[in-house]
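Structural overview for review
Okay, here's what each chain looks like letter by letter:
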Amino acid sequence: MMKKMLTILAGIGLLATTGAAIAEGELNLFNWGNYTNPDLLKKFEEAHGVKVTVTDYDSNDTALAKIKAGGHGFDMVVPSANYIPIFISEGLLLETRPDQMENFNHVLDEFANPDWDPGRHYTVPWQWGSVGMIVDTSVYSGDINTAAIYLDPPEELVGKINVAPEMNDVLSSAIMYLGGEPCTTDKELLKKVRDKLLEAKPKWLSMDYGMIEKFAGRDVAASLYWNGAAFRAREKNTDVRYGYPQEGFALWMDSVGVLKDAKNVENAKLFQNFLMQPENAALISAFARYANGIKGSEVFMPDDMKGAEEIEIPSDLAGAGIFLPTCSPEATELYTAIWTELQK
Amino acid sequence: MCVRHNVPVIHVPTNPLSSHKPFVIRRIPGFATVAVICFAVLYIPLAPLVAYSFNAGTSITLWEGFSLRWYEAAWRNDLVQEAAIRSVVIAVTASVCATTVATMAALGTTRTRPYRGQLAIYAIINQPLMVPEIVTAVALLIVFAIVKTATDYHGLAYLIVAHTAFCVPFAYLPIRARLEGMDLTLETAAADLYATPWKIFHRVTLPLLLPGILAGAMLAFVISLDDVVITEFVKSVGQDTLPTYMLGQLRRVVTPEINAISTVLLGISVVLVTLVFLLSREKVQ
């Protein structure tokens, strides 16, 4: 009886184009591996009688290739910010207008109108994070909110520094350190960037992944790396701290969109709206350990994540964070040249 | 009495399991050194992987004592279980199909008079060994996408067909090696005694060929079980196999659970490849 009433109500809601619909059936989510909280899905399944199936991918490129080919059977995908413009311009995403959904008022202001999806006509926030400095403070106790940690390293850290082997993250960090904007094509500045990186490189130990283990084993004392890993490293080595370079640091965000050829559009829209509910967003973070972009979700976060310095950017440094745009081919070519030289 | 000897004239040197390998290479100076380096590079990295699967802690580089907890964790993990069952279903079906096709192909390329285009047929059968996997994967992605859109069928059959296709040469090679090692006298004798072709195959060729077929099937099974690239591109909704599941995990936090799953897969592969070796080595009476 209740269900029937809800269905009718939902129908009316649908007519109004924005409301939530109760749709029984299936939902097929295509997401990064090890990224989706099973409890989140269970909650959605129980609330709406929808069976959710998750299939993994390991890179934006794989996801894009499979979706572009068509016939995949997926309803939703979670691309990174710099891939969303590609998904939109290729006509792969459905304009579901999350900005008109009931829970949209929970989205934090800074994520409500991002460059990669103006006005949030397509996607809702999933998780976001930053690229900053992880430092073992038992080795170096000075200021860690600076990219000088790896570009002009203090004596104590020389030979104990790691740099994430990600071209865009490293180049944008070095460019901002020298006063430029990410995606710049200013050759004078880029020359300085190259010289700075080449000058710093002999003082590094490695350019590698897997920093949680390295900090736990005290093999590395500083690294340009991601905040989620910093959080996990601190769980294993309490001397570890995470710094946000005041010269500028990169931010990343993955967002959930509905595919144009989705079979279960109504369920997908329900899920988008569901994800913007603070207690549900907190479930996403509780599993994958990154922040989620939804106001009021902190209250529902696991205790160890509440107020964690890796999750909440200190207000005086928040302004230095920049979401990396999709660079022009010209810029990418210049960066690739520098990157190749750096890797030699 | 007219005895015809259909000795295969064409010798294809691409058969790693053949017992006819030339031995000259062993006399090349430095052979032993190079061999040792190769084995070291191939197998030493596996040692820590296996060792840390028994770690009591959550780290894959810091030893905190011996424990089987990660094997238990993997065993209890629903996602791992589902992926493992799916992997086995695909591998069994694909290896049975591939071995059937490969057996027919091997008979067709050895138990016949040499014919025009035989070399081309070898090339076609062994093509999946030569073409880079990513090329096959992208090609299958495009073709299957059209089929999926047209038929709206998203089942496991796509993966099974794809796996069968690339498993055929792996099954074919040991079967053909076996057939080449079997001389024709028994089959000819049976024919002289008025056995029908089917009877000859059923009572003479097949029993003699069985070790080769089993070896081929096991090799095909292992190859299917381990495949990542093609599976990643062909899989539909909810069709993660064990290797693609593991690939998804690697991006983020890695626990020794992955080591445990890898160790089990490694164990299965080693056992099957050893059996293949023993079966292929067995001399034809």
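Residues numbered from 1 in each chain as written. Chains lettered and ligands numbered in written order. Predicted model: local features only at pLDDT ≥ 70, side-chain atom pairs only at ≥ 80, totals over all residues.

**Let's talk about the pairing of strand β2 (residues 50-57) of chain A**
Residues and elements named next belong to chain A. To be explicit about the condition: The burial label depends on the number of other C-beta atoms within 10 Å of a residue's C-beta. Counts of 20 or more mean buried, 12 or fewer mean exposed, and intermediate counts mean partly exposed, with C-beta atoms placed from the backbone. A run of H or I in DSSP counts as a helix once it spans at least four residues, and a run of E counts as a strand once it spans at least two, with each numbered from the N terminus. DSSP-based pairing: two strands are paired if at least 2 bridges between them are found. For the handedness criterion, the strands are oriented away from the viewer, and a crossover whose path from the first strand over the helix to the second runs clockwise is classed as right-handed.
Most of β2 sits out of view: 6 of its 8 residues are buried. One ladder, built from 8 bridges, connects strand β1 (residues 25-32) with β2; its direction is parallel. The residue bridging W32 from the neighbouring strand is Y57, located in β2. Assessed by its sense of winding, the connection that carries the chain from β1 through helix α2 (residues 38-48) to β2 is right-handed.

**Focus on the domain arrangement of chain A**
Residues and elements named next belong to chain A. Quick note on the threshold: Start and end points for every domain follow an automatic or database-based domain assignment. Under the scheme applied here, ten amino acids are nonpolar (Ala, Val, Leu, Ile, Met, Phe, Trp, Tyr, Cys and Pro), four are charged (Asp, Glu, Lys and Arg), and all others, including Gly, are polar.
The assigned domain composition of chain A is domain 1 (2-127 + 253-305) and domain 2 (129-251 + 314-343). A C-alpha centroid distance of 31 Å is found between domain 1 and domain 2. Its residues assigned to classes, the side of domain 1 that touches domain 2 shows 6 nonpolar, 2 polar and 2 charged.

**Looking at the interface of chain A and chain B**
Rules: C-beta atoms are placed from the backbone for every residue, and two residues are taken to be in contact when these atoms lie within 7 Å.
Residue-level contacts link 22 residues of chain A with 28 residues of chain B. Those elements giving two or more residues to the side of chain A that touches chain B turn out to be β1, β2, α3 (60-69) and α9 (211-216) of chain A. At 4 residues, the largest contribution of residues to the side of chain A that touches chain B is made by α3(A). The residue inventory of the side of chain A that touches chain B, partitioned by class, reads 6 nonpolar, 11 polar and 5 charged.

**With respect to the nonpolar core**
For the record, the criterion: Each nonpolar core reported here comprises buried Ala, Val, Leu, Ile, Met, Phe, Trp, Tyr and Cys residues connected via C-beta atoms within 7 Å.
Counting 98 residues, the largest nonpolar core has M76(A), I134(A), Y150(A), A222(A), A233(A) and L259(A) as the members making the most contacts within it. Examining the composition of this core, we find that 7 residues originate from one element, strand β4 (residues 123-136) of chain A, more than from any other. Viewed by domain, this core spans two of them, domain 1 (2-127 + 253-305) and domain 2 (129-251 + 314-343) of chain A, each represented by three or more residues. Counting 43 residues, the second largest nonpolar core, distinct from the first, contains L141(B), C167(B), L219(B) and I230(B).

**Details of helix α12 (residues 278-288) of chain A**
Residue and element names in this part refer to chain A. For α12, the complete set of buried residues consists of N280, A281, A282, L283, I284 and S285. Buried-residue contacts for α12 involve α2, β4 and α11 (265-275). Note on α12: the residue one or two positions beyond its end, R289, has a positive phi of about 70 degrees.

**Points about unusual backbone geometry**
Residues and elements named next belong to chain A. Positive phi is not limited to glycine here, since N34 has a value of about 60 degrees. Counting through the fold element by element, N34 comes out in the loop between β1 and α2. Exposure remark for N34: the 19 C-beta atoms within 10 Å place this residue in the partly exposed category. Backbone geometry places R120, a non-glycine residue, at a positive phi of 55 degrees. Secondary-structure assignment places R120 in the loop between α5 (109-112) and β4. According to the C-beta neighbour criterion, R120 is buried, with 22 such atoms within 10 Å.

**As for the pairing of strand β7 (residues 222-226) of chain A**
Residue and element names in this part refer to chain A. Of all 5 residues in β7, 5 are buried; the element is thus mostly enclosed. Note that β4 and β7 share 5 bridges and pair antiparallel. The partner of G132 across the bridge, within β7, is Y225. One ladder, built from 3 bridges, connects strand β5 (residues 161-163) with β7; its direction is parallel. Paired with N162 across the strands is S223, a residue of β7.

**Here we look at the packing of α3(A) against helix α7 (residues 133-151) of chain B**
Rules: Axis definition: a line fitted to C-alpha atoms, limited for helices to the stretch in contact. Angles are taken between N-to-C directions and run from 0 to 180 degrees.
For the pair α3(A) and α7(B), interaxial distance at closest approach is 9 Å and the crossing angle is 40 degrees. Facing A65(A), K66(A) and A69(A) of α3(A), the residues of α7(B) in contact are L141(B), I142(B) and A145(B). Grouping the amino acids of the contact of α3(A) with α7(B) by side-chain chemistry returns 5 nonpolar, no polar and 1 charged.

**Examining helix α1 (residues 31-43) of chain B**
Worth spelling out the cut-off: Helix span, expected: 1.5 Å multiplied by one less than the number of residues in the helix.
The end-to-end C-alpha separation of α1(B) is 18 Å, in line with the 18 Å expected for 13 residues at 1.5 Å each. Burial within α1(B) is sparse, with just 0 of its 13 residues counted as buried.

**What to know about the environment of G248(B)**
When you line up the elements, G248(B) lands in helix α12 (residues 242-250). Between the alpha carbons of G248(B) and A51(B) there is a distance of 22 Å; along the sequence they are 197 residues apart. Those residues in contact with G248(B) that lie beyond four places of it in its chain are W32(A), G33(A), N34(A), D56(A) and D58(A).

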